[in-house]
Amino acid sequence: MTTKPAAAAARATVYGYPRQGQHRELKKAIEGYWKGRVTADALRATAAELRRTNWNQLAEAGIDEVPTGDFSYYDHVLDTTVMVGAIPERHRDAVAADALDGFFAMARGTQAVAPLEMTKWFDTNYHYLVPELGPDTEFAADSTKQVAELNEARALGLTARPVLVGPVTYLLLAKPAPGVAADFEPLTLLDRLLPVYAQILADLRAAGAEWVQLDEPALVQDRSPAELNAAARAYRDLGGLTDRPKLLVASYFDRLGDALPVLAKAPVEGLALDFTEAAAANLDALAAVGGLPGKRLVAGVVNGRNIWVNDLGRSLATLGTLLGLADRVDVAASCSLLHVPLDASAERDIEPQIVRWLAFARQKSAEIVTLAKGLTHGTGAVAAELAANRADLASRAASPLTRDPAVRERAAAVTDADTRRSQPYAERTVAQRAHLRLPPLPTTTIGSFPQTSELRGARAELRAGRIDTAGYEERIKAEIQEVISFQEKTGIDVLVHGEPERNDMVQYFAEQLVGYLATQHGWVQSYGTRYVRPPILAGDISRPEPMTVRWTTYAQSLTDRPVKGMLTGPVTMLAWSFVRDDQPLGDTARQVALALRDEVNDLEAAGTSVIQVDEPALRETLPLRAADRGAYLAWATEAFRVSTAGVRPDTQIHTHMCYAEFGDIVQAIDDLDADVISLEAARSHMQVARELAAHGYPREAGPGVYDIHSPRVPSVEEAVVLLRTGLEAIPAERLWVNPDCGLKTRGWSETRASLENLVGAARVVRGELSAS
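Description of the structure in this document. These numbers come from a predicted model, not from an experiment.

### Section: helix H17 (residues 425-436)
Step number 1: Taking 1.5 Å of rise per residue, the twelve residues of H17 would be expected to cover 16 Å, and the 16 Å separating its terminal C-alpha atoms lies within 8% of that figure.
Step number 2: Taken residue by residue, H17 has Tyr425, Arg428, Thr429, Gln432 and Leu436 as its buried positions. Along H17, the residues classed as buried sweep out an arc of 100° about the axis, all on the same side. Opposite the buried face of H17, by more than 90 degrees, sit the exposed residues Ala426, Val430 and Ala434.
Step number 3: Packing partners of the buried residues in H17 comprise strand E18 (610-614), strand E19 (652-657) and strand E21 (700-703).

Below is the structure:
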């Protein structure tokens, strides 16, 4: 088909861009600052150079309007907390003394002060710092950062659009501050917050902003009439201001549903909507409300969350349909490009033809520009790009990498019996207690121990050929020996081998499974300075040989205490990868589950009595709309059970989840049929323990008592308080004692002290139980 030219030239834009730099310069500068090796001025200079580089890359690609304000030293929601003056009481002195150090104290905590709680940004693997608000919260505008970054972009001669978290989403993401009643609703502060946004908008207009984007992704979730009325009121008031820029209200990650007519009627100049597969219903819904006459529509037709090349012909057809529904149509990715790596062309170890299937942030920017050009001038203006795109799509579809008949036959043959343990939990637990002979409140860790510079150096030396495989493995053995010895001396009951051979909990397995691709430079921010390289799940999945048995059995040979086998579960393998988009996710999950089932069975055969299959992403991948959740949870929990159901009754299956809201998936946690679950709980003050109790969760659980995402060492007394709180919800015979998460990102000194205190707390509470 031939797309007619648009009535007005379509602009190409994005909502945000990867922050880290080509070589993770931001991570290195921030961590250098924390260690005292980089000055504050040097850190600010690095950040400014990265912003300039990002904007120039976008402009050179042909992006007409660059975003500002999306850059952060740690998290854009924390930036919003600073912008609106919602600094928690315990951090105010630190922020007043030094804004930068106070900012990092809110993010990471100090030995004296706890950080803000951290959780997942909607259904992504990005973590944000949760605002803490209460009825006494007073807001105050601080537009310094937003105005400064706008000025930087304008000084480069660029058209820039500041991007802010919108007021409704900010309040819906917030939680009651410590000491505030649990039923306090932060959204009741909206009328107090709107004047602050009004001031910030006025400041940005004075600095030269023509448009400001207000992100409201919370409105793609199920919202009550009261919440929708709050959104209507917010944009009625902000839209009614006279001293403001034009307003573009943005949503992404899913369809807007009932919020669409609310925003369509609001007195704002534009809406930005997601039109990718997850939010395809926005197209019909927009037509049903009569479109956006007189307004700007920014159409997110390029997937900002996955890395496959766009089907340009299909996207142009969507854009052509949208031309009749708004005053002007511009082109964007579906969300910020923060969620994808920077540049696929840097991947030298992936076959060049396969690289052509991939689109990272720089390639997505080029796709957006091509689509804007095609929308403006017609498909003839981009004929060469469309032809190349069709060839790349056909190459991927025909590749033998994507289909393995044996894998598909095995997956199709799975029966209900393959998803069920041979005995119910009540019978299994008797066999497991007799076999393992653990004390009350057994202690364990989640799996990983610190990845030291020596370990990372050894892997680099192996890759560079400076040491051979035998030399590398001797270093791994030495590290395992040290980890086992430390755990025995500390008094931990169920040990782990520490995972010194692993680079990442998903990547390590992906590199050993057929059907996955690994990147060398595909870094994506998870939180703060923590970056991961999600592997690419490109084809049918199989396991050629055991992946973990050797090192687990070696660790077990060093001790009489049980050593857990450690695996990453099928849902997390999907969620923390860039997953194929050419078949249903449930089909892919079953393939991964069968590969993991083979590994679980091999571990058991080798003598491993405790096996942990981590599923930290089960909650984060939960669809944002309730109507979509049943189907997801059905295949997700089945995949876990396929992985674990083949073991004997006396083999204890653990799972682990962290940094998410668990209350609405407790039934799914139950449906996993794991014998023990460990969960993040330290920052949320054992909230998950109360949620499990309210559900009547019948199995064993370890709500975390040590927040590993902060460098502070919790005292014995702090852990004792958390354990006592946990015992109010979970009986002693079913309560485990463990950290929130793995210890890979921590240093050895803080790890030793924290785990010694954790074990000390367990001993104190055991004593209290014996005395009672």
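### What about empty space enclosed by the protein?
Step number 1: A full pass over the atoms with the stated rule returns six cavities of 30 Å³ or more.
Step number 2: Empty space within the largest cavity amounts to approximately 270 Å³.
Step number 3: Along its surface, the largest cavity is lined by 22 residues, and Arg19, Asp70, His76, Val163 and Asp215 are the ones closest to its centre.
Step number 4: Taken together, the elements giving at least two residues each to the lining of the largest cavity come down to helix H3 (76-83) and strand E5 (160-165).
Step number 5: With four residues, H3 is the single largest residue contributor to the lining of the largest cavity.
Step number 6: Its residues assigned to classes, the lining of the largest cavity comprises eleven nonpolar, seven polar and four charged.

### Details of the nonpolar core
Step number 1: The biggest cluster of nonpolar side chains holds 119 residues, and the ones touching the most others in it are Tyr170 and Leu319.
Step number 2: Beyond its immediate sequence surroundings of up to four residues, Leu319 is in contact with Ala299, Val301, Val329, Val331, Leu371 and Leu375.
Step number 3: By size, the runner-up hydrophobic cluster in this structure holds 98 residues, among which are Phe486, Val549, Val600 and Leu692.

### A look at the sheet that holds strand E17 (residues 578-579)
In a beta sheet, neighbouring strands pair by backbone hydrogen bonds and run either parallel or antiparallel.
Step number 1: With respect to topology, three strands assemble into an open sheet ordered E12-E15-E17, the strand pairing being mixed. Here the strands that pair on one side only, and so sit at the sheet edges, are strand E12 (514-517) and E17.
Step number 2: Pairing geometry for strand E15 (residues 536-542) and E17, over two bridges, is parallel. Bridging from a neighbouring strand, Ile536 pairs with Phe578 of E17.
Step number 3: Running over the sheet, helix H23 (residues 585-605) touches E15 and E17 and is turned about 55° from E15.

### Topic: the packing of aromatic side chains
Step number 1: Under the criterion given, the structure shown has 17 aromatic pairs.
Step number 2: Here the aromatic rings of Trp34 and Tyr74 are separated by 6.5 Å at their centres, their planes lie at 45°, and the arrangement is tilted. Residue Trp34 is located in helix H1 (residues 25-34), and its partner Tyr74 is located in the loop between strand E1 (66-68) and H3; the two are separated by 40 residues in the primary sequence.
Step number 3: Residue Trp34 is classed as partly exposed on the basis of its relative accessible area, which comes to 26%.
Step number 4: Aromatic side chains Phe103 and Phe104 sit 5.7 Å apart centroid to centroid with 70° between the ring planes, which places their arrangement in the edge-to-face category.
Step number 5: Taking the relative accessible area as the measure of exposure, Phe103 reaches 8% and is therefore buried.
Step number 6: Judged by its relative accessible area of 4%, Phe104 falls in the buried class.
Step number 7: Three or more aromatic residues link up through ring pairs in this structure, and these residues are Tyr33, Trp34, Phe71, Tyr73, Tyr74, Phe103 and Phe104.
Step number 8: Sitting over the face of the ring of Trp34, Arg108 holds its NZ or CZ atom 3.6 Å from the ring centroid.
Step number 9: Positioned above the aromatic ring of Tyr554 is the side chain of Lys477, whose terminal nitrogen or guanidinium carbon lies 5.7 Å from the ring centre.

### Points about the sheet that holds strand E16 (residues 564-568)
Step number 1: Read across the open sheet, the five strands follow the order E16-E18-E19-E20-E21; overall the sheet is parallel. Where the open sheet ends on each side, the last strands, each with one partner, are E16 and E21. The mean angle between the axes of side-by-side strands here comes to 20°, regardless of whether they run parallel or antiparallel.
Step number 2: Bridge analysis of strand E20 (residues 676-679) against E21 gives four bridges, and the strand direction is parallel. Considered in E21, the bridge of Val676 is made with Glu700.
Step number 3: Of the strands in this sheet, E18, E19 and E21 touch H17, which is tilted by about 70° from E21.
Step number 4: Along the sheet, H23 makes contact with E16 and E18, crossing E16 at roughly 175°.

The rules behind the values
Residues numbered from 1 in each chain as written. Predicted model: local features only at pLDDT ≥ 70, side-chain atom pairs only at ≥ 80, totals over all residues. Heavy atoms only, no water. Helix = DSSP H or I, 4+ residues; strand = E, 2+ residues; numbered from the N terminus. Expected span 1.5 Å × (residues − 1). Buried < 20%, exposed > 50% of the residue type's maximum accessible area, 1.4 Å probe, protein only. Arc of directions from axis to C-beta. Contact = heavy atoms within 4.5 Å. 1 Å grid on protein atoms, 1.4 Å probe; cavity = no way out; pocket = protein on both sides within 12 Å on 5 of 7 lines; lining within 4 Å. Points joined across faces, edges and corners; volume = space filled by probe spheres on them. Nonpolar A, V, L, I, M, F, W, Y, C, P; charged D, E, K, R; others polar. Core = buried A, V, L, I, M, F, W, Y, C linked by side-chain atoms within 4.5 Å. Pairing = 2+ DSSP bridges. Axes fitted to C-alpha atoms, helices over the stretch in contact; angles between N-to-C directions. Phe/Tyr/Trp six-rings, centres within 6.5 Å; stacked < 30°, edge-to-face > 60°. Lys NZ or Arg CZ within 6 Å of the ring centre and 35° of its normal.

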